[in-house]
Amino acid sequence: MNCLSRVFILLCGAFCLMPAQVSASVVEVKEKQDSVTQLSEIAVIAKAKQKNDLRLEPLSATVIKLGEIERKQIVGLSDLSYQTPNLYIPDYGSKMTSSIYVRGLGSRIDNPAVGLYVDNVPLLNKNGYDFDMWDIMRMEVLRGPQSTLYGRNTVGGIINIYTLSPKVYQGFRLSGSYSTGNSYNIKGSYYGRITKKLAFSLGGNYFSSDGFFKNEFDGSKCDWIKGGTGRFRLVYSPNSKWTIDNSLNFSLVEQGGYAYRLYNPATGTVNPVNYNDKSGYDRVTVSNGLSVNYNADNYVFSSVTSWQYLDDCMILDQDFTPKDMFTLKQAQHEHTVTQDFVFKSKEGRRYQWLTGATFFYKGMDMDAPVVFKQDGINELILDNVNSMFQHMPAPMNTANLAFKQPELNLNSAFGMPVTGAAIYHQSGYTIGKFTFTAGLRFDFENSKISYSSDALVDYIYTMKIQMSPMMPPREIKVEKSVESLLEGKLSQNYFEVLPKFAVQYSLGKEGNLYASVTRGFKAGGYNTQMFSDILQNQLKSDLMKDLMSSAGGSMGSGGPMGGNSSGSANYTVEDIITYKPEYSWNYEVGAHLNLLGGGLKADAALFYIDCKDQQLTVFPDGTTTGRMMTNAGKTRSLGLELALDAKVTGGLNLNCSYGYTNAKFTEYDNGIVDYAGKYVPYVPLNTLSANLSYTLYNIGGLLDMLSFRIGYNGIGKIYWNEENSVCENFYSLMSASIYAHKGILSLELWSKNLTNTSYNTFYFVSVGNAFFSQGRPAEFGVTLSLHL
């Protein structure tokens, strides 16, 4: 145990023994300290589709404000998941793999199950979800389908993020932090007014870390990272009715990542990270969001227009071993345009209505070449072909195939435009203490793909022929080239009707009860990750035909997918790469309660989800090189969510939450195994969070505020595959912080995974080998902030 960790434990112990005394000037100092935090209540006026107070709505939600975000070191979505019941956002190795699971729904690749909105702007590519967060005024997690108002890829819910607005805060905000792994983060921003009607903000940050996990192959840290973000925001309010808000954002990240460890299922041991080829991820994003709001006497109109650009590149040693097997590069270039119009009634009226129309276009070009190196050529291609020769009649059983080149390039390029449009309406009517709500959305989407994949191989084919028993065998040698090409276009259309029904019963100041039924929708798509396997099998088929032709024989190939990994020669490219949309019905009852005179806030929800064609990421059997999205038949999820927020006494606060999800297959037979009754993989059964804080104000004139916090998170059990043969048991993580504030300065000591718990966040299979990704070890850090 190092010195810094001993200090944390001693201070946390002292915290538990502190008296609950607050000086007479507590109110004055507390109001001064919390003034920025309370701005989050003002900013949500600009929300287009929800009420300001989500506890007044018939849904299960978690809200985290500025002060709590900064005290708990929430700098990314994975940190947010630790504070939210039934939300699991693991670190899969890079900022590209932002997988989100909620209530048994989620996926590793392609379309997300949870939508992300930043200042009312939707992010449609989950490769851009994991960005460095700073000056965040408010974060909201709405659990359960939100498809009626938000459309595609909100089958599990949405996350709303609101940044600090120059309209409600003016001044400088500067901070710097340093922590374990030689990690540091420097942030600076300015918020000011040019005139009473025009305000602006400008800020940015830079972050870097040497990493935590060593690659045994060369002794280097493989999970290093560096990057930065920038934000310029302009808010113009010509009068009390109109507000025009424009936000321009930029981010850049370069990182290693992918600290994957080989797992031996026979012994249950996990080896250290050990692979030879370079792996990493680079990303540039630029986005501009323009929001226009008009606050009329009887209604509110809002328009949100956005343009988003994403340019990223992932390179992988895809076998993650010291062998020279194969590498993958995936580079995406994407432009996205979105438009959303919303008309809604004023709050506080008996009849509440909302009508909207939305449009989006997402155009992506992607290059995804796979390079087979010498070991990969031998083990995955040549050994298979030459093994076939050995089982043929003479003289073919003496044949041997070899490649001239040391590397084989399987090139793939894709164009994937997606266009969508929708209209939607929601009405709510209050009769006495009851409020009835109904909504309906008509959603249309067109998804296309054009693909071009090719491979060229120069080969040497030899065979010994016995011309006569009296003569020695004669060797025939043929040197030729074979090129395989796959080209085509596919298109899918979806028209969805997405209803919503809810009833709410008001308990007055004590809260409300609710029940709801909602339908969720998650878009379909294409398995571009499988093209390396498709092209590899096409190349084998073309090679065999060319070899038989050279040998004067013939051999059927079974079509373009001859010898494919799925075990059938009748599958087409469309069959392999296309997966359908995912649909769900969510049935939910819940309560938002204010107890003990408002000193205790309690939220509870029970849910049951019936899901059809749930999208799952699977790894085909054998020595395949890709992964693919497939549609399971049916799944069902049932569970509960509980949250408590208590002001115990004086400066003592307690908030805790618990989520339970039991997600199982009810129908899923892949033709080999029937998984009915098995748990859906990657979904934790339990999520538990608890935070206890104690705050002292005006401490002898030395400090304006001193706050102590200790936190606990529990996650698990998590099954890693459809067979439920590999799992992660329930594990616990501790965190702690000590925060001191005086005038314009504040200092915080903090820790994550205080007890250095060893746990895994991810499991997958590549080329028949299983791998784990380990969670971060203990982190200790210090943050210094200056607010002017």
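Computed from a prediction, not measured in an experiment: that's the story for all the values here.

Another aspect to go through is the sheet that holds strand β2 (residues 87-88). Spatial strand order, β2-β3-β4: three strands in an open sheet with antiparallel pairing. Each end of this open sheet is capped by a strand with a single partner; those strands are β2 and β4 (105-106). In terms of strand pairing, β2 meets strand β3 (residues 101-102) through two bridges, oriented antiparallel. Bridging across to β3, Tyr88 finds its partner in Tyr101.

On to the sheet that holds strand β6 (residues 121-123), then. Ordered in space as β1-β7-β8-β5-β6, the five strands form an open sheet in which the pairing is mixed. Looking at which strands have only one partner, the edges of the open sheet turn out to be β1 (60-65) and β6. Taken over all neighbouring pairs, the strand axes of this sheet differ in orientation by 20 degrees on average, direction set aside. Sheet topology places strand β5 (residues 114-118) next to β6; three bridges connect them, and they run antiparallel. Considered in β6, the bridge of Val118 is made with Val121.

Attention now goes to the pairing of strand β18 (residues 326-345). Two faces, one strand: in a regular strand the side chains alternate between the faces of the sheet. Where burial is concerned, most of β18 is hidden: 14 out of the 20 residues are buried. Looking at chain direction, strand β17 (residues 299-317) and β18 are connected through 19 bridges and run antiparallel. Bridged to Val304 within β18 is Asp340. Summarising the sheet, β18 and strand β20 (residues 370-372) pair through three bridges and their orientation is antiparallel. The partner of Phe326 across the bridge, within β20, is Phe372. As paired strands, β18 and strand β19 (residues 351-367) are joined by 14 bridges and run antiparallel to one another. In the sheet register, Gln332 faces β19, and the bridge partner there is Met366. Counting the residues in the hairpin turn of β18 and β19 gives five residues, including Gly348, whose phi is positive at 90 degrees.

What follows covers the nonpolar core. In terms of nonpolar packing, the biggest core is built from 88 residues, with Phe389, Leu401, Phe403, Leu408, Tyr461 and Ile577 touching the most fellow members. When residues no more than four places from it in sequence are discounted, the contact partners of Phe389 are Met396, Asn397, Ala399, Asn400, Leu401, Tyr461, Met544, Leu547 and Met548. With 21 residues, the next largest nonpolar core counts Ile64, Ile100, Leu116 and Tyr129 among its residues.

Note that the residue after Gly716, namely Lys717, is joined by a cis bond; omega there is 0 degrees. Among the secondary structure elements, Lys717 is positioned in the loop between β35 (703-716) and β36 (718-719). The residue Asn120 is not glycine, and still its phi comes out positive at about 75 degrees. Assignment of secondary structure puts Asn120 in the loop between β5 and β6.

Take the packing of aromatic side chains next. Using the criterion set out here, one finds 43 aromatic pairs in the structure. Centroid distance Tyr117 to Tyr150: 5.1 Å. Interplanar angle 70 degrees. Geometry classified as edge-to-face. Taken together, the residues Tyr117 in strand β5 and Tyr150 in helix α6 (residues 147-150) connect sequence positions 33 residues apart. When its relative accessible area of 11% is taken as the criterion, Tyr117 is described as buried. Consider the rings of Phe326 and Phe372, whose centres lie 5.5 Å apart with planes at 20 degrees: the pair is stacked. Note that Phe326 is positioned in strand β18 and Phe372 in strand β20, a separation of 46 residues in sequence. Per residue, the accessibility class of Phe326 equals that of Phe372, and both read buried. Of note, Lys49 hangs over the ring of Tyr150, and the distance from its end group to the ring centre comes to 4.6 Å. For the cation-ring pair, Arg231 lies above Trp134, with the distance from its terminal atom to the ring centre recorded as 4.0 Å.

A separate point is the environment of Glu70. Inspection of the secondary structure puts Glu70 in helix α4 (residues 66-71). Taking the C-alpha atoms as reference points, Glu70 and Asp135, 65 residues apart in sequence, are found 8.6 Å from one another. Excluding residues within four positions of it along the chain, Glu70 makes contact with Arg173 and Glu748.

Moving on to empty space enclosed by the protein. Overall, the coordinates contain 15 cavities of 30 Å³ or more when judged by the stated rule. If you add up the space inside the second largest cavity, you get close to 470 Å³. Listed by contribution, the elements that provide at least two residues to the lining of the second largest cavity are β18, β19, β22 (408-431), β23 (434-465) and β26 (525-526). Broken down by element, the residue count for the lining of the second largest cavity peaks at three residues, all from β19. In the lining of the second largest cavity, the residues fall into 10 nonpolar, 11 polar and seven charged.

Positionally, Asn205 belongs in strand β11 (residues 198-209). A polar side-chain atom of Asn205 sits 2.5 Å from a polar atom in the side chain of Asp132. Within polar-contact distance, the side chain of Asn205 engages the side chain of Asn185 at 3.3 Å. Leaving out residues up to four positions away in the same chain, Asn205 has contacts with Asp132, Trp134, Asn185, Ile186, Lys187, Gly227, Gly228 and Thr229.

Right, let's get into the pattern of salt bridges. For the coordinates displayed, the defined rule picks out 28 salt bridges. Close ionic contact of Asp130 with Lys95 constitutes a salt bridge, the shortest N to O distance being 3.3 Å. Linking Asp130 in the loop between β6 and β7 (136-143) with Lys95 in the loop between β2 and β3, this pair joins segments that are 35 residues apart in sequence. You can call Lys95 buried: its relative accessible area is 11%. The shortest N-O distance in the salt bridge between Asp135 and Arg173 comes to 3.0 Å.

Our focus in this paragraph is the confidence of the model for the chain. Looking at the chain as a whole, its pLDDT mean stands at 86, while 90% of the residues score no less than 70. In the predicted structure, residues 1-35 sits below a pLDDT of 50 and forms 44 contacts with residues beyond four places in sequence or in another chain.

So, how was this worked out
Every chain's residues receive numbers from 1 upward, in the order its sequence appears when written. In view of the model being predicted, local features appear only for residues whose pLDDT reaches at least 70, and side-chain atom pairs are presented and counted only at 80 or more, with totals across whole chains, interfaces and linings using the full set of residues. Hydrogen atoms and water are omitted, and side-chain values are computed over all heavy atoms in the structure. When DSSP finds two or more bridges between two strands, those strands count as paired. Counting from the N terminus, the helices are DSSP H or I runs at least four residues long and the strands are E runs at least two residues long. Simply put, an axis is a line fit to the C-alpha atoms, just over the touching stretch for a helix, and the angle between two N-to-C directions goes from 0 to 180 degrees. Relative accessibility thresholds used throughout: buried, under 20% of the residue-type maximum; exposed, over 50%; partly exposed, between the two (1.4 Å probe, protein chains only). Working definition of a nonpolar core: buried Ala, Val, Leu, Ile, Met, Phe, Trp, Tyr and Cys residues. They are joined through side-chain atoms within 4.5 Å. Residues are treated as being in contact if the distance between any of their heavy atoms lies within 4.5 Å. Here the aromatic set is Phe, Tyr and Trp, taking the six-membered ring for Trp, and pairing holds for ring centres within 6.5 Å; pairs whose planes are under 30 degrees apart are stacked, those over 60 apart are edge-to-face, and all others are tilted. Counting as a charge over the ring demands two things of the Lys NZ or Arg CZ atom: a distance within 6 Å of the ring centre and an angle within 35 degrees of the ring normal. Here the term cavity refers to a set of points on a 1 Å grid, laid over the protein atoms alone, in which a 1.4 Å probe fits but cannot get out; the term pocket refers to an open set having protein on both sides within 12 Å along at least five of seven lines, with lining residues being those that place an atom within 4 Å of a point. Grid points are joined across faces, edges and corners, and a volume is the space filled by probe spheres set on the points. Amino acid classes used here: Ala, Val, Leu, Ile, Met, Phe, Trp, Tyr, Cys and Pro are nonpolar; Asp, Glu, Lys and Arg are charged; the rest, including Gly, are polar. Counted as a polar contact is a pair of N or O atoms within 3.5 Å, where, for protein atoms, one must be capable of donating a hydrogen and the other of accepting one, and residues adjacent in sequence contribute only when both atoms are in side chains. Salt bridge criterion: a side-chain nitrogen from Lys or Arg within 4 Å of a carboxyl oxygen from Asp or Glu. You can read pLDDT as the predictor saying how much it trusts each residue, on a scale of 0 to 100.

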